[in-house]
Amino acid sequence: MKFTILTLFPEMFAPLDCSILKRGRDEGLLVFDLVNFRDFALSRHKNVDDTPYGGGGGMVLKPEPLYAALAALPPPAGARRVALLTPQGALFSQSRAAALAAYDELVLICGHYEGFDERIRALADEEISIGDYVLTGGEPAALVVIDAVARLTPGVLGQEDAARTDSHAGGFLEHPHYTRPPLFAGQRVPEVLLSGDHAAIERWRRKESLRRTFLRRPDLVPEAVWREGDYAILEELAAEEETVRLCRPLWAGAAPPARRRKGGDRHG
Ligand code: 6GU
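Numbers given to residues run from 1 along each chain, matching the order in which its sequence is written. At least 70 in pLDDT is required for a residue's local features to be given in this predicted model, at least 80 for side-chain atom pairs to be given and counted, and no such filter applies to totals for whole chains, interfaces and linings, which use all residues. Here the side-chain values reflect all heavy atoms present in the structure, with hydrogen atoms and water set aside.

**Quick look at the overall build of the protein**
Put simply, the test is: Labels follow the DSSP assignment, with helices taken as runs of H or I lasting at least four residues and strands as runs of E lasting at least two, numbered in each case from the N terminus. All radius of gyration figures rest on C-alpha atoms, and the globule criterion is 2.2 Å times the number of residues raised to 0.38. Each residue is placed in one exposure class: buried if its accessible area under a 1.4 Å probe, protein chains only, is under 20% of its type's maximum, exposed if it is over 50%, and partly exposed if it falls in between.
The helix and strand tally for the protein stands at nine helices and 10 strands. Its C-alpha radius of gyration of 25 Å places the protein more than 25% over the 18 Å reference for a compact globule of 268 residues. Along the three orthogonal principal directions, the C-alpha set of the protein runs to about 85 × 45 × 40 Å. For the protein, the proportion of its 268 residues judged to be buried stands at 37%.

Put into structure tokens, the structure is as follows:
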């Protein structure tokens, strides 16, 4: 997958040269093209911003350099999506990352300064915000989007990691992890994890994944995907956690056991 980044600060993208993204690039799975759109400024002094019409303080990004930079890109090799990073955009999420990973090229436009000329919005297929806080520019947000999308590109993650992310949590938070030693700083590794009983370990992990989600992020529960066996686990959790008890309406849909009708079986 190709990522084309239009920015005034290409040096802010040094993290693309590290870790998994670097490996993905070395293996030819990821391509990063950094374009400094100041190179497309028309004036002798390469101005990319100007004072806003109507007055008021601050500077605003001019439209011409970005329009010229986008027009000068090589023709897309496949399906291309253009996204503008702005705190006014739609909130970024794992499902948005998955949708963007389906494209062959993602063009990210990073604003900077107080704002940008409204006509810049017309360049973008969508606008993305990474959260309800204000950054100095779109660059850190672009890095977040690139990281989340790149790791979904086939081959970028190791086989094992990929399988785990796709199927394990289903929208719930992950279960706790432990490694050696079994006792550290007065904290013991749960006995079941040392038991070698894989079914019991799997059930413990699912239970702790559900517990964590209810206690920390109950807002995720309505969108998460239930599994067979969850209802019984939830009944156990309800006995242990008041929060899970109070949230019963959220999990009543987790496939309760089929009721036997009085006076015979379902054929009777
Ligand atoms: Cl995409 N840009 C800026 N400047 N601030 C943000 C943001 C983006 N997302 C959250 N805050």
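**Quick look at the domain arrangement of the protein**
What counts here: Domain start and end points were adopted from an automatic or database domain assignment.
Domain boundaries assigned for the protein yield domain 1 (2-150) and domain 2 (183-259). On a C-alpha basis, the centroid separation for the pair domain 1 and domain 2 is 40 Å.

**Looking at the confidence of the model for the protein**
How we decide: The predictor rates its confidence in each residue with pLDDT, a number between 0 and 100. Any two residues having at least one pair of non-hydrogen atoms within 4.5 Å are treated as being in contact.
A residue-level look at the protein finds 93% of positions with pLDDT of 70 or above and a mean pLDDT of 93. Across residues 264-268 the pLDDT falls below 50, and counting only partners more than four positions away or on other chains, this stretch makes one contact in the model.

**With respect to helix α4 (residues 139-150)**
Inclusion rule: The span expected for a helix works out to 1.5 Å for each residue beyond the first.
With 12 residues, α4 extends 16 Å between its outermost C-alpha atoms, agreeing within 8% with the 16 Å of an ideal straight helix rising 1.5 Å per residue. Along α4, nine of the 12 residues are buried, which leaves the element largely enclosed by surrounding structure. By the burial criterion, the buried members of α4 are Glu-139, Ala-141, Ala-142, Leu-143, Val-145, Ile-146, Ala-148, Val-149 and Ala-150.

**Examining the state of the cysteines**
How we decide: Working definition: a disulfide is two cysteine sulfur atoms within 2.5 Å of each other.
Within the structure shown, the criterion is met by zero disulfides. In this structure Cys-110 is a free cysteine whose sulfur lies 18 Å from that of Cys-18, the closest cysteine sulfur available. Residue Cys-110 is classed as buried on the basis of its relative accessible area, which comes to 1%.

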